[in-house]
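# Fold and contact review
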Amino acid sequence: MKTIGLWIGFGLLVLSAVSLADAQEIPGEPSGREIAVMVDEREDGDDQISEAVWTLTNSRGKTRKRHTLRYWKDYEGLDGLSSKSFIYFESPPDVKDTTFLNWSQEDAEADDDQWIYLPALRKVRRIASGDKENSFMGSDMIYDDMADREVEEDTHKLLRVEQDNGTKLYVLESTPVKENYIYSKKLRWINAETLTEPRIEFYDRKGRLLKILTTEWEEIDGIWNWKRIVVENQLTGHKTELDISNVRFNQGLKESIFTERSLRKGAP
Amino acid sequence: MESIFRTIIRFRFLVIAAVLGVTVVAAMQLQYLRFESDAESMIPPNDPVLHYNDVVEERFGMLDLIIVGVLNDNPQENGVFNPRTLGIVKEFSEKIALLPGIKAVRDEDVTSVATMDNITGTSDGMAVDPFMEEPPRSAEALAALKDALFDNAMFVDWVVSRDGTGLLIMARMESSEGTLEGVARRAAIYRTIRDMIREKEAVGVPEQFHIAGRGAMEVTFSEDGRSDMERFLPLILFIGLGTLYLTYRSLRGVLLPFAVVIISVIWSMGLMAWLRVPMYFISTMMPVTLMAIGVAYGIHILSRYYDEILSQVEPDAETAVMAAMQEMWKPVVFTALTTAAGFLSFLTAAMVPIRYFGVFTSVGVLAAMVVSLTFFPAVLSLLSPTASRSLRNQMNRSRDLAATGWAARTLSSLGRGVARRPLLVWSIAVGTVLICLIGLQRLYVDSSWIDVFHKQSPVRIGDEVLREKFQGTLPIYVAIEGHEPDLLKDPNLLDKLDRLQAAVEQDSIVGGSLSIAEFIKRMHRVMNEDRKEMEVIPDSRDLIAQYLLLYSFSGDPDDFDEVVDYDYQHANVSFFLRSDHSADIERVIDRIQDFAVREFGVEENGGQAGDHDPLTVRFGRWVAGITPTVIGWETKSGFWIGFAGQGYMSNRFSELVVSGQLTSLVTSLLAVFLLTTCMFRSVVAGLINIIPISAVMVFSFGLMGLLGIPLEVGKSMTASMVIGIGIDYTIHFLNKYQLKTRDGLVNPEAITVATMATSGKAIFFNAAVVVGGFLVFLTSNFKPNFYLGAMMALNMGACLLASMTLLPAILNTFKPQFVYGTMPSPAPVMRTDYAVSPLQEKETV
C-alpha cells in the first residue's frame, strides 16, 4: 500500500510539473494568461472624451464617412456595469444630432442597455439587443472587439516573442472557451513594455483569416490610447478606418451625461 | 475519279494504315479533352443584356443561393411547429454555415427561422431577439414562435410557408471564380447537404426535404450530363448495329459503316482536344449525332456494292467495289457537303458552345466522308464478294433487284403507287402543308430554365414544390441607378418603389418582392410602438437617413448590399417568380415596365433596344416576330432604370437561341440550295431539292403550332440539322433517278420503281439508323435533348417520306430538263458496269 501511495505522490508531482511547464510557455517570460491579465489591467483612465472620424469603405471602393464625439466613463463593476458611453453624431448633416447611449454590463452573458435618439423622429428609443457578436456601429469591429471582453472568456497561450525595431512584442494566441464563437482564435501582438496591441488577427470558425486589425497608439497624460485603428475584412474586402483625436482623460464626467434625458439635448 | 479509286485499291494496305495511323494520333489527343460544366459558358461574350446582369449582380453583391426546404404537413404535429422539425432546421442551418464555400462567418449568415433575429417594436423602443435559441418544447412557446413569424409579412412565404407546413434554409455560396476547385467546392456543398438529408431519411423522420437553387442545378446538370453520355453510346451502338445487321445480314455490313463512324468521331474529338476546345454540355450530343449521320455513307456504298454483287453471276471484289465507288462517290461527297453546311450554319449562333458543336460536327461529317471514300473501299476490296444466301436465292429466282429483299419489294410497290397516283400524293402533300401553315401562325416561343430537367429529377421537383409553397425562386431585378449619392433617401422615390412592388405583386406568379422601401416601412412601424398604420414610408428625408444609419448599426456592413448600395446611389428591387416560363416572365416584365414608363418617364434619344445585336440575331428576331429585350433606359426622374436577374436572362437567352437558329435555318436552306444547284448544274434541281425539305420544315413547326407545343432552345436547333441531313435523301434519290434516265429508262413509273428498289432501299436503311439514333435522346435526363431527339426522329421520318413520295411526284409530273434531258430522250448509253443489269434487260425486252 505504501508503495502505491508513493507512486501516486510521484505521479502527482510529475503532473504538476507538466502543468506548470504548460502554464509558462516560454521560460523566463510571463505566461499567456498573465500577459492577458496585464493587458486587461492596463491603465485606461476613469473617463474619456474623444472625437472620431469613421471611414467605412466597401469592396467596390464606396465609402461612408461619419464624424462623432464620444464620452466614456469607467464604472468598474459599479451597479454591475463595466462602463457607459455616449456617442453623438456631428455629421453627415442628415443624421446630425443623432445620439447613442450604451451601458455595458460587467456580466458577459447579460445584455447591454442601449438607447438611441433620432432627431427627425424626436423620440428616444430603447434598443434591446444582446448580441455582442454584432457589428459595432456598422464597422468591421464587433462589440466584443471594442474591449470589455473578460480574460476568462478565452484561454491564452504565448506563442513566441518577436522583436520589431527594438520593440519587444509578445505574440499571444487567444482561443475562446465558448463553443461556436464567431472567432476560432485571435493572434494578438502585444508590446511588452506599454502593453498596447498594435496588431490583432482574427480567424473565423472555418479557420480562415477573417480580419486584421492594426492600431497606432499615442500616450496622453500617461495613458496609452488609440490614435488610429484600421480593420480590414479579408473575406469581404470591407475596411474600417477610425481616426481618433482631441482625446482628454479624467475630465470628471458627470453621471447625468449618460442618461436618456441628455440624449435629446445633444452633445453636452 | 476511276483512277483515284483504282489507286486506292492498289495501295489499299497503305491507305488502311494511313487512316488507322491518323486515328491513333487523334485518339492520343483525347486525353487532353476537358469537360466544361459551368453554365456560364453558354452566355455569349459581349452580349449587352447578359453583361448588364453581371453588372447588377456585382454591384449588389448578389451570390447564388442554395435553398433547403423542410416540410411537414402533419396537422397533429402542428405542421413544422414542433420541436423535431425545428430541431432539424437548426441542425441543418448550423452545419451548412460551417461548410467550406458557404459565405458565412456566423450561423446568422445562413437564413432560417433558427438563425434569424426578430425585430419588434415595443412601447419604449425596439427589441432584437432570435426567433428561437433552442427549439421550443411547450405548446405555448411553439404557438408564440408561430405568431412572431406570421406577424412580420416579410418572413411569410420566405422563411416560412403561408400554410405553416414548410420552413426554408437559405445560404449564399461563394463564387467559383471560374476555377476547378471553386466548381468542385460548390458541388461538394450540394452533395454534403444531400447526404445530411439522406441521413435523416434513413432514420425515418416524417419530414420531406427538397434542395433547390443554382448550386443544386449545377451539380444535377453535370451528374445527369455524364449519365446521359454513359447511356447514349451503348444504346446507339446497339440500335445502329442492330439495324445494320437486319439490313445486310453480314458482319461487314455491320462493322464497316461503324468503323467509319468511330474513326470520324475520334478524328473530330481528337481535333477538338488538340485545339484545346472543351466539351460543353451540348457537345455531348456530338458523338451520337455523328454516329447517326456517319453510317449513311457506308450504307449507300454498301447498298450499291451488294446490288452489284447480286447482279453479277460471278462477282469479283474489285469490280463490285469499283462499280459502287464510281456511282456513289458523287452523292457521298454531295450529301456530306450539304450536311456539313447544315451544321456550319450553327456559326450564326450567339452561344459559343453551339458554334463549336456545329463546327466539330461538320468536321466529323467530312471526316466520315473521307474515310468512306478511302478506308472503306480499301477494306471492302479485301473481302470476298458474297451476299447473304437468301438474298442471292431471291435474286436468282426473280432476276430483279426490285423483288429481292423485303425492303426492296415494299419500296418498289410504294414507288409504283406514287407513280400511278400522282394526284393523291400531290393532294396529301399540299393539304398537309396548307394545314401546317395555319399551325405556323400559332407557333410561339416559350422556354423554361427548370424544365430542362426531367420531371422526376429531384432538383426539378424541389424547385416546383418550393416555388409553389414559398415566394418563388426565379428573380427579376429592377436596378435604380442614381447619378449621385443619397438618391435613395428620397421619400417620394421610395414610395414609388413601394407602389411598384404592390402593382407587380398583383400578378399571381409573383410570389414576393424585396426593396429598401420595405425595410424603411418596417423600421418606421417598429420605431412607432409597432403600430400597423405606421408601416408606410415616412415623408421626412432626414428620418429616412437616420433609419438607414440605425440599420447600418444592426448588422454586418454589407448586410444591405442586395437592396441598396453603400452610398445610397443605387437600389435594387427584386421580384421573385413562381414560374420560369418565358411567357409568364414577359407578362411580369411588361407590368414592371409599364409602371416604370408611367411613373418615372422615359428620356428621349435612349436608342432602340437590340440595335447592337448581331445581324443574325436581328434577322431571326424579325422572322419570328420577337420583341428585343431592353436593358433599361434613362428616366425623367434623375436616374437610369435597368432590368436583370435570372428571369430576365432566360428570356434573353431564348431570344438569342431561337432567333439565331431561325437565321441558321434560312442560311442552311440557302446553302443547300446553292450546293445542289452546283451539283446538278441546274437551278431547277436546286429548287426541287429544297421543296421536300421545306415542306418538312413547315410540317414540323406547323405541327408544333397546331398541337400548342411551344418552340424552345432544343427544338429550334433541330431545323438546320434536319435540313443538312434530310437533304441527303433527296440528293441520293435525285442522283439515282437521273442515272436511271441516263441508262435509258423513259417511263416515269419504271424509273421510280428502279430508283426505289436501289437508292430508295439505301435511303430507307439510312433513315432508319438516323431515326433510331436520335430516338436514343428520348432517354436523356434533359428535356431539350428529349425534344431534340423526338423532333429529329419525326422530321427525319418525314424527310424520308417526302423524298420517296413528294419528290418522285414532282419529277414525274414536271419531267425537269436536268433529269430527262431535252426531248427526245437520248439513246440508251450502255455502260460496261451496267451491261448485264437485270433491270435494264427487263426494260429493254
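Scroll up to find the structure this text is about.
Bear in mind the structure is a predicted one, so any value in this text is a computation, not a measurement. (Residues numbered from 1 in each chain as written. Chains lettered and ligands numbered in written order. Predicted model: local features only at pLDDT ≥ 70, side-chain atom pairs only at ≥ 80, totals over all residues. Heavy atoms only, no water.)

## Here's the deal with the packing of helix α24 (residues 713–742) of chain B against helix α27 (residues 806–814) of chain B
All names here are of chain B. The cut-off we apply is this: What counts as an axis is a line fitted to C-alpha atoms, over the stretch in contact for a helix, and the angles between N-to-C directions run from 0 to 180 degrees. Helix numbers and strand numbers start at the N terminus; a helix is a DSSP run of H or I with at least 4 residues, a strand a run of E with at least 2. In this scheme the crossing of two helices becomes right-handed for a clockwise turn of the near helix relative to the far one and left-handed for an anticlockwise turn of less than a right angle. Contact between two residues is taken to exist if any of their heavy atoms lie within 4.5 Å; hydrogens are not considered. Put simply, Ala, Val, Leu, Ile, Met, Phe, Trp, Tyr, Cys and Pro go in the nonpolar bin, Asp, Glu, Lys and Arg in the charged bin, and everything else, Gly too, in the polar bin.
Closest axis-to-axis distance for the α24/α27 pair is 10 Å, and the angle between their directions is 35°. For α24 against α27, the interelement crossing comes out right-handed. Facing Thr730, Phe733, Leu734 and Tyr737 of α24, the residues of α27 in contact are Leu807, Pro808, Leu811 and Asn812. Partitioned by chemical class, the residues of the contact of α24 with α27 number six nonpolar, two polar and no charged.

## Quick word on the sheet that holds strand β10 (residues 639–644) of chain B
Residues and elements named next belong to chain B. Condition: A strand pair is defined by DSSP finding two or more bridges across the two strands.
The strand order across the open sheet built from five strands is β7-β8-β6-β10-β9, with neighbouring strands paired in antiparallel fashion. Of all strands in the sheet, those with a lone pairing partner are β7 (510–514) and β9 (632–634), marking the two edges. Across the sheet, the mean angle separating the axes of adjacent strands is 15° when strand polarity is ignored. The strands that helix α17 (residues 491–505) touches are β6 (474–482), β7, β8 (570–577) and β10; relative to β7, the one it contacts most, it runs at about 170°.

## Regarding the packing of aromatic side chains
Note the cut-off: Side-chain rings of Phe, Tyr and Trp (the six-membered ring for Trp) are treated as a pair once their centres are within 6.5 Å; stacked means planes under 30 degrees apart, edge-to-face means over 60, and tilted covers the remaining angles. Relative accessible area decides the class of each residue, using a 1.4 Å probe on protein chains only: under 20% of the type maximum gives buried, over 50% gives exposed, and in between gives partly exposed. Note on criteria: charge over ring means Lys NZ or Arg CZ within 6 Å of the ring centre, with the direction from the centre no more than 35 degrees off the ring normal.
Applying the stated criterion across every chain yields a total of 34 aromatic pairs over all chains. On the numbers, 6.2 Å between centres and 50° between planes, the contact of phenylalanine 453 of chain B with phenylalanine 782 of chain B is tilted. With phenylalanine 453 of chain B in the loop between α15 (422–442) and α16 (458–469) and phenylalanine 782 of chain B in the loop between α25 (748–775) and α26 (783–804), this residue pair connects regions lying 329 residues apart in the sequence. One exposure class covers both phenylalanine 453 of chain B and phenylalanine 782 of chain B, and it is buried. Ring pairs connect the aromatic residues Trp54, Phe136 and Tyr143 of chain A, which therefore count as one cluster. In this structure, arginine 199 of chain A packs its charged tip against the face of tryptophan 189 of chain A, placed 5.4 Å from the ring centre. In this arrangement the basic side chain of lysine 211 of chain A is found over the ring face of phenylalanine 202 of chain A, its NZ or CZ atom lying 4.9 Å from the centre.

## Side note on helix α3 (residues 48–59) of chain B
All names here are of chain B. Spelled out, the test is: The span expected for a helix works out to 1.5 Å for each residue beyond the first.
Over its 12 residues, α3 extends 16 Å from the first C-alpha to the last, a length consistent with the 16 Å expected when each residue adds 1.5 Å. Check the buried side of α3 and you find it contacts β6, β10 and α22 (646–680). A positive phi of about 55° marks glycine 61, the residue just after α3.

## Some thoughts on the nonpolar core
The following threshold applies: Here, nonpolar core refers to any group of buried Ala, Val, Leu, Ile, Met, Phe, Trp, Tyr and Cys residues whose side-chain atoms link them within 4.5 Å.
Formed by 146 residues in total, the largest nonpolar core has its most connected members in Tyr305, Phe357 and Phe774 of chain B. It is helix α9 (residues 285–311) of chain B that provides the largest number of residues to this core, a total of 16 residues. Discounting chain neighbours no more than four positions away, the residues touching phenylalanine 357 of chain B are Ile282, Ser283, Met285, Met286, Thr289, Phe343, Phe346, Met717 and Met721 of chain B. Listed in part, the 86 residues of the second largest apolar core include Leu210 and Val247 of chain A together with Ala517 and Phe595 of chain B.

## Concerning the pairing of strand β1 (residues 65–71) of chain B
All names here are of chain B. Within β1, six of the seven residues are buried, leaving the element largely enclosed by the surrounding structure. Sheet analysis places β1 next to strand β4 (residues 166–172), joined by seven bridges and oriented antiparallel. By the bridge assignment for β4, leucine 65 is matched with arginine 172. Sheet topology note: the β1/strand β5 (residues 208–213) ladder contains six bridges and is antiparallel.

Purely geometric stuff here, so don't read any function into it on its own.
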